[in-house]
Amino acid sequence: MNTLRHMLDFGSLNDEEWDSLCREADKIRQNPAAYASARQGAVLATLFFEPSTRTQLSFQTAMLRLGGSVIGFSDPGCSSVAKGESLRDTVKIVGTYADVIVIRSPLEGSAYAASLYSPVPVINAGDGGHLHPTQTMTDLYTLRRELGRCDGLKIGVCGDLYYGRTVHSLLSALARYKGNKFYLISTDSLRIPEYCARELKDSGAEFYEVKTIEECIGELDVLYMTRVQRERFASAEEYQRQAGVYVLTTDKLRHAKSDLVILHPLPKVDEIAPEIDDDPRAKYFAQAENGLYIRMALILWLTENMEHANRKPIHSAYPIPAERICRNPRCVTSREKYLPALAVGDRCAFCAHLVG
Ligand code: NCD
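Everything quoted here is computed from the prediction, not taken from an experiment.

Draft legend 1. Inspection of the site of the ligand at higher detail. Around the ligand, the neighbouring residues are Thr55, Arg104, His132, Gln135, Arg165, Thr166, Arg227, Gln229, Pro265, Leu266 and Pro267. Within the backbone of proline 265, an N or O atom sits 2.9 Å from a nitrogen atom of the ligand. When its residues are assigned to classes, the shell around the ligand shows three nonpolar, five polar and three charged.

Have a look at this one:
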């Protein structure tokens, strides 16, 4: 019997599963008509508690191009959440309407929390400043298409490494591949969070924390730019101190390899000079398009033979005593009080912060 699968963290995919998703995405791209009714009658729900352009629209387009339909909201003010409904109730109900739920929320661990109660697969479309696994699928699928590989690369990641959930998912995924070397380009305040640094160290990957793009750009095979995540700062002043520090210009690019791949999860604000859009090394628009095909492949995979699936989700987390509960104020457990205290090793199962 199949087991209900979710996409909460890229790390839950094994190499074989990831490879087969990429091959499926290639097949869809080559012959979209063959998939036009692959999920006829199926419904995808997008529950977006935070703004989105690409992620939400690409998931909706993906389901529509598979012949299914979409429901959902992008303004939680219009849903019963505004009346105080819990995430648990919302997900239980929507799971009876839809065959797959895509969720984005400002709370870390919210998709994991949803998966504890959902009768259908849950896809994490971004949980606060924690993870964004389908952006990582988009990024890795793009590297595979552009470079033919994800290993043995020198990768610069620049900008908001602290709050950037795409960065956390990407580093964790790329650390699985042999021979990657990371250059983490950020200010002191926006260095990667503790759990990310721990994961990189445990993986044995080589990484350097640097202050400027200039000191490593000549080495890089890949440069992953990100915006400073304004919405996660406590005050406008704090944001202003970090904004505009890193800007990729044509001048800096003069020192880069001719086959550098420049990625950005988008939206970009001012961290890439507009004229770089025309540089053949800028791959971020192709990257956004790739996201559609890989999301189509993901929906197909998660909703395969669901009528026979064992709907009881399997989680490796274990309960911990209430006094050891997560103290991260951005964790979903700080808001949704009915959630059980769960850990994986010495970390909160929801947000990966260390527990007591
Ligand atoms: C990213 C996100 O939402 O984390 N956007 C996206 O999904 N492509 C990056 C960002 O907002 O900076």
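Draft legend 2. Spatial organisation of the sheet that holds strand β9 (residues 261-263). The five strands are arranged β7-β6-β5-β8-β9 in an open sheet whose pairing can be described as parallel. Each edge of the sheet is formed by a strand with only one pairing partner; in this case those strands are β7 (206-210) and β9. On average, each strand axis in the sheet is tilted by 15 degrees relative to the strand beside it, whichever way the strands run. Where helix α5 (residues 133-147) meets the sheet, its contacts fall on β8 (222-225) and β9, and the angle it forms with β9 comes to roughly 165 degrees.

Draft legend 3. Molecular detail of the packing of α5 against helix α10 (residues 284-302). Put simply, α5 and α10 touch, their axes get as near as 8 Å, and they point 115 degrees apart. Here α10 runs roughly perpendicular to α5, going by the angle between their axes. For the crossing formed where α5 meets α10, the hand is right-handed. Taken together, the residues of α10 that come into contact with α5 (itself represented by Thr134, Gln135, Met137, Thr138, Asp139, Tyr141, Thr142 and Arg145) are Gln287, Asn290, Gly291, Tyr293, Ile294, Arg295 and Leu298.

Draft legend 4. Summary view of the nonpolar core. Formed by 57 residues in total, the largest nonpolar core has its most connected members in Trp18, Met137 and Phe182. Among the elements that make up this core, the one with the highest residue count is α10 (nine residues). Shared between two domains, this core holds at least three residues of each, these being domain 1 (10-128 + 291-348) and domain 2 (133-282). In this structure, tryptophan 18 is in contact with Phe10, Leu13, Met137, Leu140, Tyr141, Tyr177 and Ile294, ignoring residues within four places of it in sequence. Within the second largest apolar cluster, 33 residues are counted, among which are Ile103, Tyr112, Ala113 and Val355.

Draft legend 5. Representation of a nonpolar patch on the surface. There is a patch of nonpolar side chains on the surface, built from Ile71, Ile93 and Tyr97 and spanning about 290 Å² of accessible area. For isoleucine 71, the location among the structural elements is in strand β2 (residues 69-73).

Draft legend 6. Here's a closer look at the sheet that holds strand β4 (residues 122-127). Taken together, four strands build an open sheet; the order of strands is β2-β1-β3-β4 and the sheet is parallel. Of all the strands in the sheet, the pair left with one neighbour each is β2 and β4. The average undirected angle you get between the axes of adjacent strands in this sheet is 15 degrees. In terms of strand pairing, strand β3 (residues 100-105) meets β4 through four bridges, oriented parallel. Residue pairing in the sheet places isoleucine 103 in a bridge with asparagine 124 of β4. Running at roughly 175 degrees to strand β1 (residues 43-48), helix α2 (residues 54-65) makes contact with β1, β2, β3 and β4 of the sheet.

Definitions and limits used
Residues numbered from 1 in each chain as written. Predicted model: local features only at pLDDT ≥ 70, side-chain atom pairs only at ≥ 80, totals over all residues. Heavy atoms only, no water. Near = heavy atom within 4 Å. Polar contact = N/O pair within 3.5 Å; in protein donor to acceptor, adjacent residues only side chain to side chain. Nonpolar A, V, L, I, M, F, W, Y, C, P; charged D, E, K, R; others polar. Pairing = 2+ DSSP bridges. Helix = DSSP H or I, 4+ residues; strand = E, 2+ residues; numbered from the N terminus. Axes fitted to C-alpha atoms, helices over the stretch in contact; angles between N-to-C directions. Contact = heavy atoms within 4.5 Å. Parallel < 35°, antiparallel > 145°, perpendicular 65-115°, else oblique. Left-handed = near helix turned anticlockwise from the far one by under 90°. Core = buried A, V, L, I, M, F, W, Y, C linked by side-chain atoms within 4.5 Å. Buried < 20%, exposed > 50% of the residue type's maximum accessible area, 1.4 Å probe, protein only. Domains from an automatic or database assignment. Patch = residues over 30% accessible without salt bridge, like charges linked within 9 Å, V, L, I, M, F, W, Y side chains within 5 Å. Areas by Shrake-Rupley, 256 points an atom, 1.4 Å probe, with all protein chains shown as cover. Salt bridge = Lys/Arg side-chain N within 4 Å of Asp/Glu carboxyl O.

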